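# Examining the three-dimensional arrangement
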Amino acid sequence: MRRRSAALGFALAGLVAQSVFAQTLPTRTLEECVAIALERQPKLGAAEAGVDAGRQRVRQEIAGYLPQISASASASESMTSAAQKTGLPGSGSSQRYAYYSTGFSLSQVLFDFGRNLDAIRSAQALRDSLAADADTQRETIIRDVKQAYFDLLAARRLQGVAEETLRSNQRQLEQARGRYEVGFATRLDVTRSEVLVANTELDLLTARNGVLVAEQTLRHAMGLTEPLDFELVDMLEARPVEIPEARALAIALDHRSELISIRAQIRAAEEAISARWKEHLPDVTGGANYDWSGSTSPLRSSWSYGALVNVPLFSGGLIDARVGEARANARALGFQEQSLEQDVALEVRRSTLDLARAREAISVSERAREQARENLELAEGRYQAGVGNVIELTDAQAQRASAEAEYVRALYGFHTAVAELERAIGQELPRS
């Protein structure tokens, strides 16, 4: 027991030293941690790269409406005879002939019944869908940082509860030993107190490990590769949050990025249907060419211009099949939207219920904590007066430790419930 007490003393001294060192570290608020995560998280970078790819696809479709200009140049040399060149009978020695050609060509879509315009609109809608997907990733990162932030705050508070409980149990052990030495307590009082101290030491080790795990979780959520070099601003207290379920659901159906994304995909599919169907219609393309060619300088110039009308008469059902595929894709997206709306409604209802339960849990656990503290004071007074026993005292200490821990968990549950509700409705709740 002496060795254990000495080891525990060294451990507590180490904790004090760590606390003093921690006071020199800078502090970070929840908002600052979220800002760091949005800057450092590679998942968000990948989502934003996808949005940029969508923008480039829009540019590709717009290019189909713009003039297409190309230049070409060629040079060739051949060995042939006059008879081969003219096709007349006769013979003659072969000679070298050179031929040069260069020129420019221009083509422009003049009229296609809006097919290219439909393709542009479809690409723009897909770009909007990718932007909404990036917002979804952003909201997920924010939710993860909030949960990790509050998890670390709760873990540190639970460690504080374990440390305070250990100190209280050690005082009880010393008291039991003193009473045993003077004959006012039995050996059972001492051994029971020793067991309680040993169990509390294990609880403290578990709490410390919880802090370390929570630190790594926050570090990962923020996208950091280096250890945490800052302290958190403790905001693990309840705050008034009230939003009716109907209001929360209406906000979610308007603001959830997943719904915005799939609605944009539906618009893209509808534009694709229109573009595919217009493949049945003719299109008109204008073109012009200017060339220089010949064997010797100066080269002879020539030019031409005209228009081409392309009328699809029979494609073997290819166009109809493309239209049918586009319509089927649009129907599938419509069903996915309905399913997603149902999922969102369930998330909102569950989150509002969890938030209401969390508020009640704080109230109940706070009353239980106060009652447990009062009960412990009474048990300690009775034990010191010699009218109580050690079992009553240890039970009161265990109840107080449990009540303190439950209060911390209730606060943590409240803040995580708020974060989940904010994620469910796709919008931050006001902070008072």
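Residues numbered from 1 in each chain as written. Predicted model: local features only at pLDDT ≥ 70, side-chain atom pairs only at ≥ 80, totals over all residues. Heavy atoms only, no water.

### Details of the layout of surface pockets
To be explicit about the condition: With a 1 Å grid spanning the protein atoms alone, the term cavity applies to any set of points in which a 1.4 Å probe fits but cannot get out, the term pocket to an open set with protein on both sides within 12 Å along at least five of seven lines, and the term lining residue to any residue with an atom within 4 Å of a point. Grid points are joined across faces, edges and corners, and a volume is the space filled by probe spheres set on the points. Under the scheme used here, helices are H or I runs from DSSP no shorter than 4 residues and strands are E runs no shorter than 2 residues, and both carry numbers assigned from the N terminus. Residues are grouped as follows: nonpolar covers Ala, Val, Leu, Ile, Met, Phe, Trp, Tyr, Cys and Pro; charged covers Asp, Glu, Lys and Arg; every other residue, Gly included, is treated as polar.
There is about 360 Å³ of room inside the second largest pocket. Taken together, 20 residues form the lining of the second largest pocket, with A119, S122, A272, A275 and R276 sitting closest to its centre. When residues in the lining of the second largest pocket are grouped by element, the largest group, six residues, is from helix α5 (residues 115-181). Broken down by class, the residue content of the lining of the second largest pocket amounts to eight nonpolar, three polar and nine charged.

### Concerning the confidence of the model for the protein
As a reminder, the rule being used: The score called pLDDT rates the predictor's confidence residue by residue, from a low of 0 to a high of 100. Whether two residues touch is decided by their heavy atoms; if any such pair falls within 4.5 Å, the residues are in contact.
Looking at the protein as a whole, its pLDDT mean stands at 87, while 91% of the residues score no less than 70. Within the protein, the element-level pLDDT minimum falls on helix α1 (residues 2-22), averaging 46, and the maximum on helix α8 (residues 257-277), averaging 95. Low pLDDT, under 50, characterises residues 1-13; the predicted model gives this stretch 11 contacts beyond four residues in sequence or across chains.

### Considering unusual backbone geometry
Trans is the common state for peptide bonds, and a negative phi is the common state for residues other than glycine. The omega torsion across S297 and P298 is 0 degrees, close enough to zero to call that bond cis. Its identity as a non-glycine residue notwithstanding, F113 has a phi of 60 degrees, on the positive side. Summarising the element assignment, F113 is placed in the loop between β3 (95-111) and α5.

### What about the pattern of salt bridges?
Proximity of charged atoms lets side chains of opposite charge pair with each other. Heads up, the rule is: Criterion for a salt bridge: a side-chain nitrogen of Lys or Arg within 4 Å of a carboxyl oxygen of Asp or Glu. Each residue is assigned to one of three classes by its accessible area relative to the maximum for its type, calculated with a 1.4 Å probe on protein chains only: buried under 20%, partly exposed between the two thresholds, exposed over 50%.
Evaluation of the coordinates by the stated rule reveals 38 salt bridges. Of the charged contacts in the structure, one is a salt bridge between D395 and R192, with a shortest N-O distance of 4.0 Å. Within this pair, whereas D395 is found in helix α10 (residues 390-425), its partner R192 is found in helix α6 (residues 187-221), the two being separated by 203 residues in sequence. For D395, a relative accessible area of 37% gives the class partly exposed. Residue class for R192 comes out partly exposed when judged on its relative accessible area of 31%. Between R263 and E337 there is a salt bridge; the shortest N-O distance is 3.1 Å. Separated by 74 residues along the polypeptide, R263 in helix α8 and E337 in helix α9 (residues 318-385) bring together distant segments of the chain. Judged by its relative accessible area of 25%, R263 is partly exposed. Residues participating in the shared-partner salt-bridge network are E139, R256, E258, E347 and R423.

### Quick word on the nonpolar core
Worth spelling out the cut-off: For our purposes a nonpolar core is just a set of buried Ala, Val, Leu, Ile, Met, Phe, Trp, Tyr and Cys residues, chained together by side-chain atoms within 4.5 Å.
Residues V145, Y149, L218, M222, L232, V348 and I425 are the most contacted members of the largest nonpolar core, which totals 49 residues. Contributions of two or more residues to this core are made by α2 (30-40), α5, α6, α7 (245-255), α9 and α10. Among the elements that line this core, the one with the most residues is α5, at 11 residues. L173, A185, Y383 and A396 belong to the second-largest nonpolar core, a separate cluster that totals 15 residues.

### A word on the side chain of S293
The following threshold applies: In protein, a polar contact means a hydrogen-donor-capable atom and an acceptor-capable atom, both N or O and within 3.5 Å, with residues adjacent in sequence counting only if both atoms are side-chain atoms; elsewhere, any N or O pair within 3.5 Å suffices.
Here S293 lies in strand β5 (residues 283-294). Owing to a relative accessible area of 15%, S293 belongs among the buried residues under this scheme. A distance of 3.5 Å separates polar atoms of two side chains, one belonging to S293 and the other to Y99. If near-sequence neighbours (up to four positions away) are discounted, S293 is found in contact with Y99, Y100, S101, L299 and R300.

### Comments concerning a nonpolar patch on the surface
What counts, and what does not: Surface patches are drawn from residues lacking salt bridges whose relative accessible area is over 30%; two like charges belong together within 9 Å, two nonpolar side chains (Val, Leu, Ile, Met, Phe, Trp, Tyr) within 5 Å. Accessibility throughout is a Shrake-Rupley quantity obtained with a 1.4 Å probe, and a residue counts as covered only by protein chains that appear here.
On the surface, V309, V311, L313 and F314 cluster together into a nonpolar patch covering about 510 Å² of accessible area. Within the secondary structure, V311 sits in the loop between β6 (300-310) and α9. On the basis of relative accessible area, V311 is assigned to the partly exposed category, the value being 44%.

### Topic: the packing of aromatic side chains
Short version of the rule: When two rings of Phe, Tyr or Trp (its six-membered ring) have centres within 6.5 Å they constitute a pair, described as stacked for plane angles under 30 degrees, edge-to-face for angles over 60, and tilted for the intermediate range. A ring is scored as having a charge over it whenever the NZ atom of a lysine or the CZ atom of an arginine sits within 6 Å of its centre and within 35 degrees of its normal.
All told, the structure shown has five aromatic pairs when counted by the stated rule. Relative to F150, the ring of Y149 lies with its centre 5.9 Å away and its plane at 85 degrees, an arrangement referred to as edge-to-face. This pair shows no difference in class: Y149 is buried, exactly as F150 is. Above the plane of the ring of Y180 lies R187, whose end atom (NZ or CZ) is 5.9 Å from the centre. Of note, R369 hangs over the ring of Y407, and the distance from its end group to the ring centre comes to 3.9 Å.

### Some words on empty space enclosed by the protein
Counted according to the given criterion, the structure contains two cavities of 30 Å³ or more. Looking at the second largest cavity, its volume works out to about 30 Å³. Every residue lining the second largest cavity is listed: T165, S168, N169, L376, Q397, R400 and A401. At the level of elements, α5 and α10 are the ones that each hand at least two residues to the lining of the second largest cavity.

### Describing the pairing of β6
To keep it simple, the criterion reads: Only strands that DSSP links by at least two bridges are regarded as paired with each other.
Across the 11 residues of β6, zero count as buried, placing the element largely on the outside. Sheet topology places β5 next to β6; 11 bridges connect them, and they run antiparallel. Within β6, the position partnered with A288 by the bridge is Y305. Turn length for the β5-β6 hairpin, with the two strands adjacent in sequence and antiparallel, is five residues.

### Concerning the environment of D128
Mapped onto the secondary structure, D128 falls in helix α5. As for D128 and I262, which are separated by 134 residues in sequence, their C-alpha atoms are 9.7 Å apart. The residues contacting D128, other than those within four sequence positions of it, are A264 and R267.

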